[in-house]
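So the chains spell out like this:
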Amino acid sequence: MTGRVAAYLDARLRRGPLHFTLIDPEKSDAAQAAGLARGAVAAGSDAILLGGSTGISPERMGAAARAVRAAVPVPAIIFPEGPGSISPDADALLFMSLLNSRSPELVIRSQARAAEAIRRLGIETLALGYLVVAPGMRVGEVGRADLLDRSDLAGARGYALAAEMFGMRFVYLEAGSGAPAPVPEAMVRAVREVLSVPLVVGGGIRSGADAGRILDAGARILVTGTVAEEHGVEGALAEILMEVTRRRAR
Ligand code: 1GP
């Protein structure tokens, strides 16, 4: 069964890599979120992820989702930090398991508790295996991650392939928002060698050069948040989007 957002992403991925802009509704109010989304999409971003690693209320998430959907023609997708941030006002929800959490709560229990409500609300889910790589930053702490060492290529491959074998549609290598350096290229390359589903990479991508290296190593979707929050959509985000869009088929 393929939902509307999954079909949109599949079609876009056939043309080349994608970029998602992460907006934290706790840091940006609805009007600011809409403004950031407008700028990012005009520069080539393919979807807006709404999320953060500290408690976002469903009301705040809903307001951000409605404002973003009214502002841009690309999907607004919830990147949940827990069941509290789920809202039916977005186009889809990353239904994710934090694969290397020490807490079963974040691997499967909270998802099990939320599953029926999500189905009832009719929210499209995109199944995603989420793997937190050192330094992990705040999500590593909140997620009680057994951080994947930056040199543990076999470990990364194992988790990613297990997620694919479980039927997850995406695998996300996360260095943590604001990480001083992104996920190492060698890890992106090692995972891409074994993975068939799209590989998402985020955390610490701050320049066109970072983006180019990670795309050349095999990432299919880049996620950035901090660059636009700190500098708006000019400058670094525009450079990152140039690297993504120039790798697309016309
Ligand atoms: C965090 O991967 C995302 O979940 C984005 O990280 O804020 O460092 O771009 P940045």
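Below: a short report on this structure.

1. A word on the sheet that holds strand β3 (residues 76–78)
An order of β1-β2-β3-β4-β5-β6-β7-β8 is seen for the 8 strands of this closed barrel, with the pairing classed as parallel. Each neighbouring strand pair of the sheet contributes to a mean axis angle of 30 degrees, computed without reference to strand direction. Pairing of strand β5 (residues 124–132) with strand β6 (residues 170–174), which is carried by 5 bridges, proceeds in the parallel orientation. Paired with G129 across the two strands is V171, which belongs to β6. With respect to the sheet, helix α10 (residues 236–245) is in contact with β1 (18–23) and β8 (221–224), its orientation differing from that of β1 by roughly 155 degrees.

2. Some points on the pattern of salt bridges
Applying the stated rule across the entire model yields 14 salt bridges. Close ionic contact of R4 with D91 constitutes a salt bridge, the shortest N to O distance being 3.1 Å. Of the two residues, R4 is situated in helix α1 (residues 4–13) and D91 in the loop between β3 and β4 (92–98); the sequence distance between them amounts to 87 residues. When the shortest N-O distance is used, the salt bridge between E105 and R113 registers 2.2 Å. By relative accessible area, E105 is classed as partly exposed at 25%. Overall, the relative accessible area of 57% leaves R113 in the exposed class. Residues joined in a network through salt bridges with shared partners are D216, E243, R246 and R247.

3. Regarding the site of the ligand
All residues adjacent to the ligand are L22, F79, Y172, E174, S177, G178, G202, G203, G204, T224, G225 and T226. G225 places a main-chain nitrogen or oxygen 2.8 Å from an oxygen atom of the ligand. Residue composition of the shell around the ligand, grouped by class: 3 nonpolar, 8 polar and 1 charged.

4. Observations concerning unusual backbone geometry
Note the cis peptide between A134 and P135, where omega equals 10 degrees. Mapped onto the secondary structure, P135 falls in the loop between β5 and α5 (137–142). At M137, a residue that is not glycine, the phi angle is positive and equals roughly 50 degrees. The topology assignment puts M137 in helix α5. The residue R144 is not glycine, and still its phi comes out positive at about 45 degrees. Position of R144 relative to the elements: it lies in the loop between α5 and α6 (153–165).

5. Focus: the side chain of E124
Residue position: E124 is located in strand β5. The charged side chain of E124 is buried without a salt bridge, its nearest counter-charge being R4 at 5.6 Å. Side-chain polar atoms of E124 contact the backbone nitrogen of R4, separated by 3.0 Å. What E124 contacts, discounting residues up to four positions off in sequence, is G3, R4, V5, A6, D91, A92 and L93.

6. A closer look at helix α8 (residues 208–216)
The complete set of buried residues in α8 reads G208, D210, A211, G212, I214 and L215. Looking at the buried residues of α8, the elements they touch are α7 (185–194), β7 (199–202), β8 and α10. At the exit of α8 stands G218, carrying a positive phi of roughly 120 degrees.

7. Quick notes on the nonpolar core
Counting residues in each nonpolar core, the largest one holds 88 residues, and the members touching the most others are I48, L50, L126, Y130, L173, V188 and L222. Filtering out sequence-adjacent residues up to four positions away, I48 remains in contact with T21, I23, A37, V41, V68, V72, V74, P75, A76 and I77.

8. Here's the deal with the environment of L241
On the secondary structure map, L241 appears in helix α10. You can call L241 buried: its relative accessible area is 0%. For the pair L241 and A175, spaced 66 residues apart in sequence, the C-alpha separation works out to 20 Å. Among residues more than four places away in sequence, those in contact with L241 are H19, A40, A43, G44 and S45.

What counts, and where the lines are drawn
- Residues numbered from 1 in each chain as written.
- Predicted model: local features only at pLDDT ≥ 70, side-chain atom pairs only at ≥ 80, totals over all residues.
- Heavy atoms only, no water.
- Pairing = 2+ DSSP bridges.
- Helix = DSSP H or I, 4+ residues; strand = E, 2+ residues; numbered from the N terminus.
- Axes fitted to C-alpha atoms, helices over the stretch in contact; angles between N-to-C directions.
- Contact = heavy atoms within 4.5 Å.
- Salt bridge = Lys/Arg side-chain N within 4 Å of Asp/Glu carboxyl O.
- Buried < 20%, exposed > 50% of the residue type's maximum accessible area, 1.4 Å probe, protein only.
- Near = heavy atom within 4 Å.
- Polar contact = N/O pair within 3.5 Å; in protein donor to acceptor, adjacent residues only side chain to side chain.
- Nonpolar A, V, L, I, M, F, W, Y, C, P; charged D, E, K, R; others polar.
- Lys, Arg positive; Asp, Glu negative; His and termini not counted.
- Core = buried A, V, L, I, M, F, W, Y, C linked by side-chain atoms within 4.5 Å.

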